[in-house]
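Listed below, chain by chain, are the residues.
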Amino acid sequence: MALIQVENVRKKYQLGQTEVEALRGVNLSIEKGEFLSIWGPSGSGKSSLLNIIGMIDSPTQGVVRLDGTSINGLSDKEITKLRNQKIGFVFQSFNLVPVLSALENIMLPLQIRGEALKVAAEKAMHRLEEVGLSNLAKSRPDHMSGGQRQRIAIARALVTDPSIVLADEPTANLDSETSQNIIELMRELNERDQVTFIFSTHDQQLLDSVKRRIRIKDGQITAEQGEAE
């Protein structure tokens, strides 16, 4: 059974008097432990598809299944709980809380879940050590480089031990050397812990590193390739 099953998914947005169809009958199956990218030009629908998989948005039509269970029709409370249990997010703009330290930012998803403060701090510090930034535990985001902030964002995404990490343009704001370091870190976590990584990207450096590439254009999957050589 596939970890994620997307069946005939369509997504329409109303922009003033204009209706925009971002996704047009997308079918996609993703297995546990994959390391894949959804790529295409700006406006192709890749971020819309990522948001629907991550339950940030819902399809206009079609079905999305997680571990064989349809997520269509779930209440907001059920979606929030499932997302917090199963999915970690890495955003292009990092989305760190500026008034919180690195450790506090990583602890946040656990505190939302209701974990005890001491337990949340221990788990967050473990993930912070894992990304090599334990020395920045008390530092706030505005005292960090772009690469450091992205590592904090990855640690935050992983602190709940999710089965899926969704990363929207995770290397877009980074230089090539930092990007390669971030990619290597994510691939190591994927191979070691079998966390499924799904990227929305048009970064060739990242595309060359994934095991599977799904090309999307005008809201439809147009090509698929296996692992890069």
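Figured I'd write up the structure that's included with this text. (Residues numbered from 1 in each chain as written. Predicted model: local features only at pLDDT ≥ 70, side-chain atom pairs only at ≥ 80, totals over all residues. Heavy atoms only, no water.)

Taken residue by residue, a regular strand's side chains alternate between the two faces of the sheet. Where strand β9 (residues 212-217) meets strand β10 (residues 220-225), five bridges bridge the pair, whose relative direction is antiparallel. For I214, the partnering residue across the bridge sits in β10 and is E224. In this structure, the hairpin formed by β9 and β10 is closed by a connection of two residues, where D218 is found at a positive phi of approximately 50 degrees. (Pairing = 2+ DSSP bridges. Helix = DSSP H or I, 4+ residues; strand = E, 2+ residues; numbered from the N terminus.)

Moving on to empty space enclosed by the protein. Over the atoms, a rolling probe the size of a water molecule traces out where space has been left empty. Evaluation of the coordinates by the stated rule reveals one cavity of 30 Å³ or more. Size it by volume and the largest cavity reaches roughly 30 Å³. Forming the walls of the largest cavity are I4, I53, V64, R65, L66, I71 and I164. Among the elements that line the lining of the largest cavity, the one with the most residues is strand β4 (residues 61-66), at three residues. Along the lines of polarity and charge, the residues of the lining of the largest cavity split into six nonpolar, no polar and one charged. (1 Å grid on protein atoms, 1.4 Å probe; cavity = no way out; pocket = protein on both sides within 12 Å on 5 of 7 lines; lining within 4 Å. Points joined across faces, edges and corners; volume = space filled by probe spheres on them. Nonpolar A, V, L, I, M, F, W, Y, C, P; charged D, E, K, R; others polar.)

Turning next to the pairing of strand β2 (residues 18-30). Where strand β1 (residues 4-15) lies against β2, 10 bridges are found, and the strand directions are antiparallel. Opposite K12, over in β2, you have E21 as the bridge partner. Where β1 folds back on β2, the antiparallel hairpin that results is connected by two residues, among which G16 adopts a positive phi of roughly 65 degrees.

Our next topic: the packing of aromatic side chains. Working definition: an aromatic ring pair is given by the centre-to-centre distance plus the angle between the planes. According to the stated counting rule, one finds four aromatic pairs in the structure shown. Judged by centre distance (5.1 Å) and plane angle (80 degrees), the ring pair of F35 and F199 falls under edge-to-face. Here the residue F35 occupies a position in strand β3 (residues 35-39), and F199 occupies one in strand β8 (residues 196-201), the gap between them amounting to 164 residues. Taking relative accessible area as the criterion, F35 reaches 0% and is therefore assigned buried. Taken together, F35, F197 and F199 form an aromatic cluster joined through their ring pairs. Seen from the ring of W39, R215 lies directly overhead, with NZ or CZ sitting 5.3 Å from the centre. (Phe/Tyr/Trp six-rings, centres within 6.5 Å; stacked < 30°, edge-to-face > 60°. Buried < 20%, exposed > 50% of the residue type's maximum accessible area, 1.4 Å probe, protein only. Lys NZ or Arg CZ within 6 Å of the ring centre and 35° of its normal.)

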